[in-house]
Amino acid sequence: MLLDVQLDARPDGAADRARELVGAGVAGLFTFEGPHDVFLPLAAAAGAVRTDLMTNVAIAMPRSPMHLAHTAWDLQLMSGGRFRLGLGSQIKPHVENRYGATWSPPAARMREIVLAVKAILASWQDGTRLDFRGEHTRHTLMPPTFVPGPNPFGPPPVLLGALGPLMTRTAGEVADGLLVMPFHSHRHFRERTLPALGTPASPTFRVLPQAIVAMGRTPEEQHAAALGVRGLLAFYGSTPAYRPVLEVEGWADVQPELNRLSKTGDVGAMMELVTDDMLHTLAVVGTPEECAAEILRRFGDVADRVCAYFPGYAAPLDQVGALARALA
């Protein structure tokens, strides 16, 4: 199994950080929609290293499919055909109040965005007339001046992040792969995600699981890593959209309390609600070799690569390399 890790650097430091991570032995780098632009670090990395690159995820609903297609096309060129466009929807308060965009039912909207992006990419690659007409977006004008293609590496794959059954089914129907959201349990993945996915439409469809990892060689390192992971689990757990994950494990009652505490800013109290059982069920904990064994147990029969997060702590490069080697 190949290991992808987060390119955890500002755009002005992304090239150097990419060299460090690739030098440690990881197979790919991904960015997420955080405090910096999701695409710029990948552009910097594409010029510094030859490795797989991915957005994980770019929030699609506030963006035009044309903007997404242009950026994906150029990153596919810059990376030598190693780019994957991972898209996600975000929740209503963020779409409306952070991005200032319009909210609509997310699964239907994301279906249309994925199809629109793929239609634009196909038009550039094949020279066919662009004629996409949807409920939320329409793309029927493409003068030759604005056509960049064809891409010598082909269009990049378009992946969709999903947790609930509607979005998961949508991914199987229109995307090239499913990004399994990092907040999940083995049971939720097996009992909810895979059945909802069904039989994907694309014969090359890929499942890309993600794991929140608390990794360390010593008890002190593992304790520090677990603190960072508990913070992220508490944050995810406070969001109503993630309640089904807690529900399937019998922890549904924790979600409203986490949500209440999130509104007061009491992060410490939120972290205290994340028990050791929750930590080991929702995350992967241990030495690099133990973490690799658990990741392979959870996903080895359905995926050939995994995205690993090391939230709230700095995983040593030698341990990241050890994790990559153990997975391989």
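Quick caveat, the model's predicted, so the values are computed rather than measured.

Enquirer: How do you make sense of the side chain of Asp52 when you look at a structure like this?
Expert: Relative to the assigned elements, Asp52 resides in strand β3 (residues 52-55). With a relative accessible area of 15%, Asp52 lands in the buried category. There is a polar contact of 3.0 Å between the side chain of Asp52 and the side chain of Arg305. Non-local contacts of Asp52, meaning those with residues more than four positions away in its chain, are made with Ala27, Gly28, Leu29, Arg82, Arg84 and Arg305.

Enquirer: I would appreciate a short explanation of the packing of aromatic side chains in the present structure.
Expert: We describe a pair of aromatic rings using the distance from one ring centre to the other and the angle between the two ring planes. Enumeration according to the criterion identifies 8 aromatic pairs in this entry. Pairing Phe183 with Tyr236 gives two aromatic rings, centres 5.6 Å apart and planes at 40°, and the pair type is tilted. Of this pair, Phe183 sits in the loop between β9 (177-180) and α7 (186-197) while Tyr236 sits in helix α8 (residues 219-237), and the two are 53 residues apart along the sequence. The residues Phe183 and Tyr236 share a single accessibility class, namely buried. Among the aromatic residues, those joined into a cluster by ring pairs are Phe183, Phe235, Tyr236 and Tyr242.

Enquirer: What am I meant to see in the environment of Ile59 here?
Expert: Within the fold, Ile59 resides in strand β4 (residues 58-59). For Ile59, a relative accessible area of 5% translates into the label buried. Residues Ile59 and Leu197, spaced 138 residues apart in sequence, show a C-alpha to C-alpha distance of 21 Å. Apart from the residues within four sequence positions on either side, Ile59 is in contact with Glu33, Gly88, Ser89, Gln90 and Tyr99.

Scoring rules and cut-offs
- Residues numbered from 1 in each chain as written.
- Predicted model: local features only at pLDDT ≥ 70, side-chain atom pairs only at ≥ 80, totals over all residues.
- Heavy atoms only, no water.
- Helix = DSSP H or I, 4+ residues; strand = E, 2+ residues; numbered from the N terminus.
- Buried < 20%, exposed > 50% of the residue type's maximum accessible area, 1.4 Å probe, protein only.
- Polar contact = N/O pair within 3.5 Å; in protein donor to acceptor, adjacent residues only side chain to side chain.
- Contact = heavy atoms within 4.5 Å.
- Phe/Tyr/Trp six-rings, centres within 6.5 Å; stacked < 30°, edge-to-face > 60°.

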